[in-house]
Amino acid sequence: TGHGDCVQGRCMCGAGYFGADCSITVEQVDSRSFSLPATTWKYFQWAGEDRAKLEVISASPVQVYTRRGDVPSQSFYNSLSQGTNVVVYVDKAVSGEYVAIFNPDFDNPVNVKLKSQEKSSSSSLPVTFWICIGIAAILTISTVINIVYCLSKPKHKSKSKSQKE
């Protein structure tokens, strides 16, 4: 294809090209719409600094593959999701994250809409999680205080009937 060099029967692809014959090009992930012909792949790489949520919306089911460090294929991938509304998380910090979208339909193209949303790399756990942690901490402290109080409280011995007479 002219995008790499053959070394001992194996292609060594130039920058920006992938695959056994160096024919695969990769685009940057961004929000867009496109038509994906029948049995065709489209490849993306996350170029942001942080995590991103990538939503793939289509009228017909598609297959969404991810792979760290290289483009995914049906044989080599880290994750596979299928459907008409697929959400994947990509992370550049993990040595480059690649996403491939495949139209498995043999006859019909599929219209695909990508929604890309960058997420902060800092921990962004839901507020309800932190509320639950706070409540658990309060209950734990309350229980410890009650135990300490009960253990430190002087014990009163009740006299038996024979001792009272």
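The rules behind each value
- Residues numbered from 1 in each chain as written.
- Predicted model: local features only at pLDDT ≥ 70, side-chain atom pairs only at ≥ 80, totals over all residues.
- Heavy atoms only, no water.
- Disulfide = S-S within 2.5 Å.
- Buried < 20%, exposed > 50% of the residue type's maximum accessible area, 1.4 Å probe, protein only.
- Core = buried A, V, L, I, M, F, W, Y, C linked by side-chain atoms within 4.5 Å.
- Helix = DSSP H or I, 4+ residues; strand = E, 2+ residues; numbered from the N terminus.
- Salt bridge = Lys/Arg side-chain N within 4 Å of Asp/Glu carboxyl O.

Under the defined criterion, the tally for this structure stands at 1 disulfide. A disulfide bridge connects Cys13 with Cys22, and the sulfur atoms are separated by 2.2 Å. Between Cys13 and Cys22 the disulfide shows an S-S torsion of about -95°. By sign, it is left-handed. For Cys13, a relative accessible area of 30% puts it in the partly exposed group. Residue class for Cys22 comes out buried when judged on its relative accessible area of 1%. The cysteine Cys6 is free of any disulfide, with Cys11 supplying the nearest cysteine sulfur at 4.4 Å. With a relative accessible area of 26%, Cys11 lands in the partly exposed category.

Within the largest apolar cluster, 18 residues are counted, with the highest numbers of intra-cluster contacts made by Val56, Val64, Ile101, Val112 and Leu114. Secondary structure elements with two or more residues in this core: strand S6 (32–36), strand S8 (51–68), strand S9 (79–91), strand S10 (97–102) and strand S11 (110–118). No other element matches the 5 residues that S8 contributes to this core. In terms of nonpolar packing, the next biggest core, distinct from the first, is built from 9 residues, Tyr43, Tyr65, Ala100 and Phe102 among them.

The final tally for this structure, using the stated rule, is 5 salt bridges. Note that Glu27 is salt-bridged to Lys42, the shortest N-O span being 2.8 Å. Residue Glu27 is located in strand S5 (residues 27–28), and its partner Lys42 is located in strand S7 (residues 41–45); the two are separated by 15 residues in the primary sequence. Between Glu97 and Arg68 there is a salt bridge, and its shortest N-O distance comes to 3.7 Å. Here Glu97 is found in strand S10, whereas its partner Arg68 is found in strand S8, with 29 residues between them in sequence. Here the salt bridges do not stand alone but share partners, grouping Glu27, Asp30, Arg32 and Lys42 into one network.

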